[in-house]
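Letter by letter, the chains look like this.
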Amino acid sequence: MGAGTNDQYAGSAGLTDSIADLRLEQPGEAIVVSVLVPAPVERALDYLAPAGTPVGAFVEAPLGGRSTMGVVWGAGAGDFARERLKPVIRVLDMPPMRAEMREFLSRAAEYTITDPGLMTRLATRAPGLTDPPGARRIYRLGAGRPDRMTSARTRVIDVLEDHPGLGFSPTDLADLAGVSAGVLKGLAEAGALISSQAPRDAPFPPLDPEANPVALTDAQRQAADALKASVAARRFAAILLKGVTGSGKTEVYLEAVAECLRQGRQALILLPEIALTAAFLKRIEARFGARPAEWHSAVTGAERRRAWRAAAAGNAQVVVGARSALFLPFTDLGLIVVDEEHDASYKQEDGVRYHARDMAVLRASIEGGAALLASATPSLESWANAEAGKYARLDLPERFGGAALPRISAVDSRTTPPERGRWLSRPMEEAVAERMGRGEQALLFLNRRGYAPLTLCRACGHRFGCPHCDAWLVEHRFRRQMLCHQCGHAEPAPEKCPSCGADDKLSACGPGVERLAEEVAARFPDARLAILSSDLAASAAEQKARIDAIAAGEADIIIGTQIVAKGHNFPLLTLVGVVDADLGLQGGDMRAAERTFQLMRQVAGRAGRADKPGAAMLQTAAPDHPVMKAILSGDEEAFHAREAEARRAAGVPPYGRMIGVIVSGRDERRVWASAMALGQAGDALRAAGCQLLGPAPAPIARVRGQSRARLLIKAPKGVAVQQAAAAWRRSVKPQSGVRVILDVDPQSFL
């Protein structure tokens, strides 16, 4: 884009009357500024603004037929006549975006080959930012209780007890608790809720770094002192904190947060899973005496606006959130913690494609702060950077309080297979029964949601597939639905074959957690079962309630997907059984070995975290596979070294560069014509030292009705691959209705 785009917005055509009639009262004092708007534009657009409008000011500006929030990026380009430019509607009453934030957005856009306007959208995504200040009606927890407590009323009380001292608007409270307005009215009449007026964006209470310090072990203290020194230095540092599961990494980096507070700077803590947030906020409150700001998709719009404004004003001392919290307008960011930095959820896979771990390091380098990457099983990228001396490394090799690491063993499913039609081997069943007899908990892990990954008709061979994707429909028996895990398509579970009409001929192939739960219920009829899977909880609050119940000992056997491997602490859990340890090794993903190693070590680490020793059993058909041997031996450094050597020999990340290219559209012919044109235009890439592979059909060639082709750009580490790829992409115009996406450092190749 360029002149043509700016020209589109220079005229009044398409503007609503209310916007078209707006003019500055003193046009002679107006100045020409460039405004970066949250839209797919490659450059800032020229507008008229009041004299004295500073660079970084947030403005409301006309864009097409609507108004939008934008940021003054600098002086106008001046390539349009002044009389053709539109004035900004108003300059918003909020602190301007700092130069460091503008630099971060610009460099992030360059690195990810993203239109700067789309990157700016990430930095202004909070509802109501342009609204004037005002008051709102809120509910707080009262002392009364109704005569009859229902589950809905209990959920409301639980939400308020989980957020002591905070009030919620009726809409937000009803959404968080999953109840109707009538439930709130009944609680208010009983005195359980107290209604009052409050500012729309109340300030966050101050956090005290000296409030409740915890006693640390010698190893923890050494690591904490090193982190505190890095924060106190007030300059960029990247640090890998590698600690075995249960070693107390959180307590260590909270000491770095305390030092950040002493320095008067702000801290950001990123978590990989929303379900972890509630428990983590309680830990922050226990340590610093108040709750921090919270930022993720399950937070209400009002609370997101409050957090955004508080970050911009410097009043949010600590923010705990998901990857998108990286784009909050902090005033003085001194520390970014990426907890469980290896987790794949830190990669944004749609819209603007970025990896939060890498963006955290970039932002810390610009802000002059510390980036702390914490994990028991670091990503190979972070491990390699530490090996090369780019990152400092701190180790916690032992569990806190003298707890021992779990003993990991393999069950060879070739010699000791489960009975026909079942999925648990006899040794694993016996181990579960033993734990139950001792009043302990067992976790059975299977990283596959639903009841069965495939359903077919034994009469005619019909297989249930998604009408919009090249993917099988997964039976979810608890919900009585067939779901596509690619696009979300759902349809009722069938009672007979839709192809031949046969009854009682539908066969579920393979297990999911629901089918495993069915087997466990039959084998252990007296056991209390709990299932943890991302699709079985209606809300983050419900998921938290399940996790709290398990931690309190209200389940004997837990059955879960990978969500159970993400930082949860179940004191009574002493056995982890992995039902299909080979599942992640299937397919050609270059990170398959690394991800399997990480997942197995993480899930095994849930066992024996308190005073009772733990054990983990892996059902595998390949106990001699190098990855399984590494998991069983626990020699993580040897595994990383071998994996690094294989990646180096192949010239792939972290020892080479990759950019995935996805070509998609509804018309398959046009998609392939565009993909072939891109493939034929690869001379410029090759001249820059890059290799272009493809096009080829994507492994899932159709998603949401879109046909898909893929190409891959590979380059040695030192090549300026983004510049070459951006120029190559601009050299080819895809056919109408075809979209081309560049994915720098791809994590998925589907």
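Residues numbered from 1 in each chain as written. Predicted model: local features only at pLDDT ≥ 70, side-chain atom pairs only at ≥ 80, totals over all residues. Heavy atoms only, no water.

**As for the overall build of the protein chain**
Formally: Helix and strand assignments follow DSSP, with helices taken as H or I runs no shorter than four residues and strands as E runs no shorter than two, numbered in order from the N terminus. For this measure, only C-alpha atoms enter the radius of gyration; the expected value for a globule follows 2.2 Å times N^0.38, where N is the number of residues. Each residue is placed in one exposure class: buried if its accessible area under a 1.4 Å probe, protein chains only, is under 20% of its type's maximum, exposed if it is over 50%, and partly exposed if it falls in between.
Each helix and strand in the protein chain was counted, giving 22 helices and 29 strands. Against the 2.2 N^0.38 benchmark of 27 Å for 750 residues, the protein chain shows a C-alpha radius of gyration of 28 Å, consistent with a compact globule. Across its three principal axes, the protein chain shows a C-alpha extent of roughly 85 × 70 × 60 Å. Sorting the 750 residues of the protein chain into buried and exposed places 53% on the buried side.

**So, the packing of helix H5 (residues 151-162) against helix H7 (residues 181-189)**
Geometrically, a packed helix pair is captured by the angle between its two axes and the distance between the axes. Counted only if it meets this: To get an axis, a line is fitted to the C-alpha atoms, and for a helix only the part in contact is used. The angle between two axes follows their N-to-C directions and goes from 0 to 180 degrees. Roughly parallel means an angle under 35 degrees; roughly antiparallel, over 145; roughly perpendicular, 65 to 115; everything else is oblique. Any two residues whose heavy atoms approach within 4.5 Å are treated as being in contact. Any residue outside Ala, Val, Leu, Ile, Met, Phe, Trp, Tyr, Cys, Pro, Asp, Glu, Lys and Arg is labelled polar, Gly included; the first ten of those are nonpolar and the last four are charged.
Look at H5 against H7: their axes get within 10 Å of each other, and the N-to-C directions meet at 75°. Between H5 and H7, the crossing angle belongs to the class labelled roughly perpendicular. Contacts from Ala-152, Arg-153 and Val-156 of H5 reach H7 at Val-183, Leu-184, Gly-186 and Leu-187. Grouping the amino acids of the contact of H5 with H7 by side-chain chemistry returns five nonpolar, one polar and one charged.

**Describing the environment of Ala-310**
On the secondary structure map, Ala-310 appears in helix H11 (residues 301-313). Its relative accessible area of 8% is what places Ala-310 among the buried residues. Sequence separation between Ala-310 and Asp-201 is 109 residues, and the spatial gap between their C-alpha atoms is 8.3 Å.

**Points about the packing of aromatic side chains**
Note the threshold: Aromatic rings from Phe, Tyr and Trp, taking only the six-membered ring of Trp, are treated as a pair when their centres fall within 6.5 Å; an angle between ring planes under 30 degrees marks them as stacked, one over 60 as edge-to-face, and anything in between as tilted.
Within this structure, the stated rule accounts for five aromatic pairs. Here Tyr-253 and Phe-280 contribute two aromatic rings whose centre-to-centre distance is 6.4 Å and whose plane-to-plane angle is 35°, an arrangement assigned as tilted. Of this pair, Tyr-253 sits in helix H9 (residues 249-262) while Phe-280 sits in helix H10 (residues 277-288), placing them 27 residues apart in sequence. A relative accessible area of 6% means that Phe-280 is categorised as buried. Between Phe-597 and Phe-639, the aromatic rings sit 4.1 Å apart at their centres with planes inclined by 10°, giving stacked as the arrangement. Taken together, the positions of Phe-597 in helix H17 (residues 592-604) and Phe-639 in helix H19 (residues 636-650) put the pair 42 residues apart, joining distant regions of the chain.

**A word on the nonpolar core**
Spelled out, the test is: To qualify as a nonpolar core, a set must consist of buried Ala, Val, Leu, Ile, Met, Phe, Trp, Tyr and Cys residues joined through side-chain atoms within 4.5 Å.
Core analysis: the largest hydrophobic core is formed by 52 residues, its most contacted members being Leu-268, Trp-308, Leu-326 and Phe-327. With seven residues, helix H12 (residues 356-367) is the single largest residue contributor to this core. Excluding residues within four positions of it along the chain, Leu-268 makes contact with Val-319, Ala-325, Leu-326, Phe-330, Leu-333, Leu-335, Ile-336 and Val-337.

**A closer look at the confidence of the model for the protein chain**
Here is the rule we go by: Per-residue confidence from the prediction method is given by pLDDT, with values spanning 0 to 100.
Residue-level pLDDT values for the protein chain average 90, and 95% of them are 70 or greater. In this model, residues 1-27 is a region of pLDDT below 50 whose contacts with residues beyond four sequence positions or in other chains number 47 contacts.

**So, the sheet that holds strand S3 (residues 58-63)**
Cut-off, in case you're wondering: When DSSP finds two or more bridges between a pair of strands, those strands are recorded as paired.
Pairing in this open sheet of five strands is antiparallel, and the strands run S2-S1-S4-S3-S5 from one edge to the other. Each having just a single partner strand, strand S2 (45-50) and strand S5 (90-91) make up the two edges of the open sheet. Alignment of S3 against strand S4 (residues 66-75), held across six bridges, turns out to be antiparallel. Residue pairing for S4: Ala-61 is matched across the bridge by Thr-68.

**Structural notes on the side chain of Ser-674**
Locating Ser-674 in the fold gives a position in helix H20 (residues 668-680). With residues near it in sequence (within four places) discarded, Ser-674 still touches Val-663, Pro-734, Gln-735 and Val-738.

**Some details on the packing of H17 against H19**
Let me state the cut-off plainly: If you view the pair so one helix is near and one far, a crossing is left-handed when the near helix is turned anticlockwise from the far one by less than a right angle, and right-handed when it is turned clockwise.
At a closest axis distance of 11 Å, the pairing of H17 and H19 adopts a crossing angle of 165°. Taken together, the axis directions place H17 and H19 in an arrangement best described as roughly antiparallel. Every pair of crossing elements has a handedness; the one defined by H17 and H19 is left-handed. Two secondary-structure elements touch here, H17 through Ala-593, Glu-594, Phe-597 and Arg-601 and H19 through Glu-636, Phe-639, Glu-643 and Arg-647. For the contact of H17 with H19, the per-class residue count stands at three nonpolar, no polar and five charged.

**Focus: the sheet that holds strand S10 (residues 293-295)**
With respect to topology, seven strands assemble into an open sheet ordered S10-S11-S9-S12-S13-S8-S14, the strand pairing being parallel. Since the sheet does not close on itself, it has two edges, and those belong to S10 and strand S14 (392-396), each with one partner. Taking the axes of each pair of neighbouring strands and ignoring which way they run, one obtains an average angle of 20° across the sheet. Relative to strand S13 (residues 370-375), strand S12 (residues 333-339) is paired through five bridges, and the arrangement is parallel. Bridging from a neighbouring strand, Ile-336 pairs with Ala-371 of S13.

**Brief notes about the environment of Arg-306**
Filter applied, for reference: Pairs of N or O atoms are called polar contacts if they sit within 3.5 Å, as long as, within protein, a hydrogen donor faces a hydrogen acceptor (for residues adjacent in sequence, only side-chain-to-side-chain pairs).
By the secondary structure assignment, Arg-306 is in helix H11. Judged by relative accessible area, which is 5%, Arg-306 ranks as buried. Each C-alpha atom of the pair Arg-306 and Ser-748 lies 34 Å from the other, and the pair is 442 residues apart in sequence. Beyond its immediate sequence surroundings of up to four residues, Arg-306 is in contact with Leu-166, Asp-201, Ala-202, Pro-203 and Phe-204. Within the structure, the side chain of Arg-306 is placed 3.1 Å from the backbone oxygen of Pro-203, a separation counted as a polar contact.

**Side note on the pattern of salt bridges**
For clarity, the cut-off: For this analysis, a salt bridge means a side-chain nitrogen from Lys or Arg found within 4 Å of a carboxyl oxygen belonging to Asp or Glu.
Scanning the entire structure with this criterion turns up 45 salt bridges. The closest approach of N and O atoms between Glu-303 and Arg-306, which form a salt bridge, is 3.0 Å. One end of the pair is Glu-303 and the other is Arg-306, both in helix H11 and three residues apart, which spans about a single turn. Exposure class is identical for Glu-303 and Arg-306. Each is buried. Across the pair Glu-475 and Arg-477 runs a salt bridge whose closest N-O atoms are separated by 2.8 Å. The class for Arg-477 is partly exposed, based on a relative accessible area of 37%. Salt bridges sharing common partners tie together Glu-419, Arg-422, Arg-426, Glu-429, Glu-519 and Arg-523.

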